[in-house]
Amino acid sequence: MDKKIELTKYRETLKDPKVLITSVVITILIAWLFYRSFIALALYPFVLLGALYYFYERNSEIKREKVLIEFREMLKVICSELRSGHSLENAVMILDKEIGSICGEKAYILSGIRIMQKQLGLKKPVEQVISDFASYYQYEEIVNFAYTIGYAKRLGGNYIKNISSSAERIEERLEVKQQINTQLAEKQFEMKIMGVMPLGILVYIGLTANEFIEPLYHNAMGIMIMTLSLGLYVACLYIAKRIVTIKY
């Protein structure tokens, strides 16, 4: 993906209030739990970058799932229209109304559908229009579908069979992912509990037996130890997140 597009998406994520609020809260916790110093608030830019990456990845995955679900419905509509004897061009031209009624007017895929309809209105070949649609979203399933349409258009293939097969493959993939996520839900919850526990222990000791950890603050050796501990803590969180996350 083009770097300019990536930067644009990061800027969009930065507009999310959750990113800023989470960054501020985490920075304050780090400054108090690990350093007991207002100077440690200078770590905010680094915390912000971490929060930005986390929310970007999470939002991208949520969007991907929604786009694929909407795309599956789009394939069903196209397949139904083709079975009724309509052309592929006509099927595309009614997609905005159908998908709007099925998935709602805020559906992610509607913007791409409307671009396709405008291009068809300019007499652009339908296979090229669908190829541009695939380039707009850049998801493997949609790219493969566009390739299938282009191939069938050139060789006179069975549109209905190819589109139905694409819809079935996407549906199967979504079902498998849902099953895996259900099985991983317990482990993900355990990971979150384990991630919070070290901070909880620091809070508890700081409130009930502060004298035990006081030597770790406001001196060079203590700052080095706490910085190392913070680095290991963040690394463990990252590794744990990778373990319970499956890329598709």
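Everything that follows concerns the structure shown earlier in this document.
Here the structure is a predicted model, which means the values were calculated and not measured.

How two aromatic rings sit relative to each other is set out by the distance from centre to centre and by the angle between their planes. Within this structure, the stated rule accounts for four aromatic pairs. With 5.3 Å between their ring centres and 85 degrees between their planes, Tyr54 and Phe55 make a pair best called edge-to-face. The class for Phe55 is buried, based on a relative accessible area of 6%. Here Phe71 and Phe145 contribute two aromatic rings whose centre-to-centre distance is 5.4 Å and whose plane-to-plane angle is 75 degrees, an arrangement assigned as edge-to-face. Remark: Phe145 occurs in helix α8 (residues 140-155) and Phe71 occurs in helix α3 (residues 44-83); sequence separation between them is 74 residues. Note on Phe71: relative accessible area 0%, which makes it buried. Each residue in the set Phe133, Tyr136 and Tyr137 is aromatic and connected to the rest through ring pairs, giving one cluster.

In this structure, Arg36 sits in the loop between α2 (17-35) and α3. Among buried Asp, Glu, Lys and Arg side chains, Arg36 stands out as unpaired, with Glu214 the closest opposite charge at 4.2 Å. A polar contact is formed between the side chain of Arg36 and the backbone oxygen of Trp32, at a distance of 2.9 Å. Within the local environment of Arg36, its side chain forms a polar contact with the side chain of Asn210, the two groups lying 3.1 Å apart. Excluding residues that lie within four positions of it along the chain, Arg36 makes contacts with Ala31, Gly206, Asn210, Ile213, Glu214, Tyr217 and His218.

The grouping of Lys18, Arg58, Lys192 and Lys241 at the surface amounts to a positive patch. Overall, the relative accessible area of 55% leaves Lys192 in the exposed class.

Enumeration over the complete set of coordinates arrives at six salt bridges. A salt bridge links Lys76 to Glu73; the nearest nitrogen and oxygen atoms lie 4.0 Å apart. Of this pair, Lys76 and Glu73 both sit in helix α3, three residues apart, which is roughly one turn of that helix. With its nearest N and O atoms 3.2 Å apart, the salt bridge here joins Arg114 to Glu105. On the accessibility criterion, Glu105 (54% relative accessible area) is exposed.

Glancing now at helix α7 (residues 126-137). Between its first and last C-alpha, α7 extends 17 Å over twelve residues, near the 16 Å set by a 1.5 Å rise per residue. Every buried residue of α7 is accounted for by Val126, Val129, Ile130, Phe133, Ala134 and Tyr137. With its buried residues spanning 140 degrees around the axis, α7 presents them on a single face.

With that out of the way, let us pick up α2. Across its 19 residues, α2 extends 26 Å between first and last C-alpha, which sits within 8% of the 27 Å expected from 1.5 Å per residue. When we look at burial in α2, the residues that qualify are Val19, Ser23, Thr27, Ile30, Ala31, Leu33, Phe34 and Tyr35. One side-chain oxygen at the N-terminal end of α2 lies 3.0 Å from the backbone nitrogen of Lys18; it belongs to Asp16.

All right, on to the environment of Met93 then. Looking at where Met93 falls in the secondary structure, it is placed in helix α4 (residues 88-93). Since its relative accessible area comes to 37%, Met93 is described here as partly exposed. For the pair Met93 and Gly121, spaced 28 residues apart in sequence, the C-alpha separation works out to 9.0 Å. Once residues lying within four places of it in the same chain are set aside, the contact partners of Met93 are Gln117 and Leu120.

Here we take up the environment of Ser164. Looking at the element boundaries, Ser164 is found in helix α9 (residues 159-208). For the pair Ser164 and Ile213, spaced 49 residues apart in sequence, the C-alpha to C-alpha distance is 64 Å.

Moving on: unusual backbone geometry. Unlike most non-glycine residues, Lys123 shows phi in positive territory, near 65 degrees. Residue Lys123 is classed as exposed on the basis of its relative accessible area, which comes to 73%. The phi dihedral of Gln138 is positive, around 60 degrees, even though this residue is not glycine.

The next point concerns the layout of surface pockets. Of the pockets and cavities examined, the second largest pocket occupies roughly 260 Å³. Considering the residues around the second largest pocket, the lining is formed by 15 residues, among which Gly195, Pro198, Leu199, Ser229 and Tyr233 are closest to the centre. Contributing elements (two or more residues each) for the lining of the second largest pocket: α9 and α11 (220-243). Per-element tally for the lining of the second largest pocket: the top contributor is α11, with seven residues. For the lining of the second largest pocket, a count of residues per class yields 13 nonpolar, two polar and no charged.

Cut-off values and rules
- Residues numbered from 1 in each chain as written.
- Predicted model: local features only at pLDDT ≥ 70, side-chain atom pairs only at ≥ 80, totals over all residues.
- Heavy atoms only, no water.
- Phe/Tyr/Trp six-rings, centres within 6.5 Å; stacked < 30°, edge-to-face > 60°.
- Buried < 20%, exposed > 50% of the residue type's maximum accessible area, 1.4 Å probe, protein only.
- Helix = DSSP H or I, 4+ residues; strand = E, 2+ residues; numbered from the N terminus.
- Lys, Arg positive; Asp, Glu negative; His and termini not counted.
- Salt bridge = Lys/Arg side-chain N within 4 Å of Asp/Glu carboxyl O.
- Polar contact = N/O pair within 3.5 Å; in protein donor to acceptor, adjacent residues only side chain to side chain.
- Contact = heavy atoms within 4.5 Å.
- Patch = residues over 30% accessible without salt bridge, like charges linked within 9 Å, V, L, I, M, F, W, Y side chains within 5 Å.
- Areas by Shrake-Rupley, 256 points an atom, 1.4 Å probe, with all protein chains shown as cover.
- Charge placed at Lys NZ, Arg CZ, Asp CG, Glu CD.
- Expected span 1.5 Å × (residues − 1).
- Arc of directions from axis to C-beta.
- 1 Å grid on protein atoms, 1.4 Å probe; cavity = no way out; pocket = protein on both sides within 12 Å on 5 of 7 lines; lining within 4 Å.
- Points joined across faces, edges and corners; volume = space filled by probe spheres on them.
- Nonpolar A, V, L, I, M, F, W, Y, C, P; charged D, E, K, R; others polar.

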